[in-house]
Structures are given as C-alpha cells and as structure tokens.
Amino acid sequence: MPKQSAGLLLYRVVEGDVEVLLVHPGGPFWAKKDEGAWSLPKGEYGGDEDPLGVALREFREELGLNPPDAGSTAFLGEVRQAGGKHVSAWALEGDADVVTVPSNTFTMEWPRGSGRTAEFPEVDRAGWFDLEAARRKLLRGQLPFIDRLDELLEGGLTS
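Residues numbered from 1 in each chain as written. Predicted model: local features only at pLDDT ≥ 70, side-chain atom pairs only at ≥ 80, totals over all residues. Heavy atoms only, no water.

Caption draft 1: Representation of the overall build of the protein within the structure. A count of helices and strands for the protein gives 3 helices and 8 strands. Secondary structure elements of the protein occur, N-terminal to C-terminal, as β-β-β-α-β-β-β-β-β-α-α. Radius of gyration (C-alpha) of the protein: 16 Å, near the 15 Å computed for a compact globule of 159 residues. Counting across all 159 residues of the protein, residues that qualify as buried make up 45%. (Helix = DSSP H or I, 4+ residues; strand = E, 2+ residues; numbered from the N terminus. Rg over C-alpha atoms; globule rule 2.2 N^0.38 Å. Buried < 20%, exposed > 50% of the residue type's maximum accessible area, 1.4 Å probe, protein only.)

Caption draft 2: Examining the pattern of salt bridges more closely. Taken as a whole and judged by the stated rule, the model has 13 salt bridges. Among the ionic pairs, Arg57 bridges to Glu49, the shortest N-O distance being 2.9 Å. Salt bridges sharing common partners tie together Asp34, Asp124, Arg125 and Lys137. (Salt bridge = Lys/Arg side-chain N within 4 Å of Asp/Glu carboxyl O.)

Caption draft 3: Inspection of unusual backbone geometry at higher detail. The omega angle of the peptide bond from Trp110 to Pro111 is -5°, so this bond is cis rather than trans. Among the secondary structure elements, Pro111 is positioned in the loop between strand E6 (105-109) and strand E7 (117-121). Positive phi is not limited to glycine here, since Glu15 has a value of about 50°.

Caption draft 4: Structural detail: the confidence of the model for the protein. Per-residue pLDDT for the protein has a mean of 91; in total, 97% of the residues score no lower than 70. Of all secondary-structure elements in the protein, the lowest mean pLDDT belongs to E6, at 86, while helix H2 (residues 131-137) reaches the highest, 98. (pLDDT = per-residue confidence, 0-100.)

Caption draft 5: A look at the pairing of strand E2 (residues 17-25). Among the 9 residues of E2, 8 are classified as buried, and the element is accordingly described as predominantly covered. Two elements, strand E1 (residues 4-14) and E2, share 4 bridges in a ladder whose sense is antiparallel. Note on E2: the bridge partner recorded for Val14 is Asp17. Where E1 hands over to E2, the hairpin turn is made up of 2 residues, of which Glu15 adopts a positive phi near 50°. Note that E2 and strand E8 (residues 123-130) share 7 bridges and pair antiparallel. Paired with Leu21 across the strands is Trp128, a residue of E8. (Pairing = 2+ DSSP bridges.)

Set out below in structure tokens:
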C-alpha cells in the first residue's frame, strides 16, 4: 500500500488577493532549493487514523501553531506525488504569524556515509504566497491543490 499523507492548505484574502501558507522542508537536501520545493504542512498517517485530524496535528507540529478553528474546512481531494505517496488536503481560511517556525525535528546521518547523525527541523521556514507565486514554489505533485482551491473560491467558498 502506498504511503499516505494529509495536509492543510491555510489561505487568507488580503485586499482581494488570495494567499496560501506553504512550508519549506528542512534538512540538507532542501537547503539550497526554493522553487518547486515548498509544500503544504502535512504528514504521514496509518490506515486507522483520521486524515483531517492528522492534517491538523501536522500543522501544529510543523509550524508550532494551532490551526484556526477547523469547523469550516473544505476537502481538496487527493493527489499522487511522483514518489507514489498519496496526499489528501483540506483548505481552511485563517491567518497565522509565521515569522518564526519552531518546527519539530528529525535525525539523520549527515554527511551521508559519515556515521555521524545530525538533527534538522522538519520545516525551516514558512511563508504566505499569492496563488501565482505558490504555483512556482510548490512541489509539482501538490499543484492541483492550488487549482482546486482557486476553483472553490471562484465558486463562492469565501466572502
């Protein structure tokens, strides 16, 4: 069975423009990558977990913030990323101050083959992007979420 992941696409409307909150993965592999490297805050889950609950938990873990009230989420569907992982996402209107991101961390051997381990943040930064910029920043496999959000908003999801 492919790995499954769930995430939250937080959005806000500023002076008539839609902005989405994206995160940049931490660690040495992503350090010098920008366009095409950002993601929704998301995380893997097992078959017995509630995907929306996982999306909310991962938002907290990766950003160090509680997500806004999740009573008004809109399911954006599921996509399959290039590596085979299936990602489900929910849109949620709200705001978050992401000047600092106290993300949880992971440990890995670094440099590879050295026998030494180092700890890295899962997310090293976060930012708000208008939809055009988000399309450049986001991992290609997650781009359909931006299009789906755009369609929902055009259809009257927000005021």
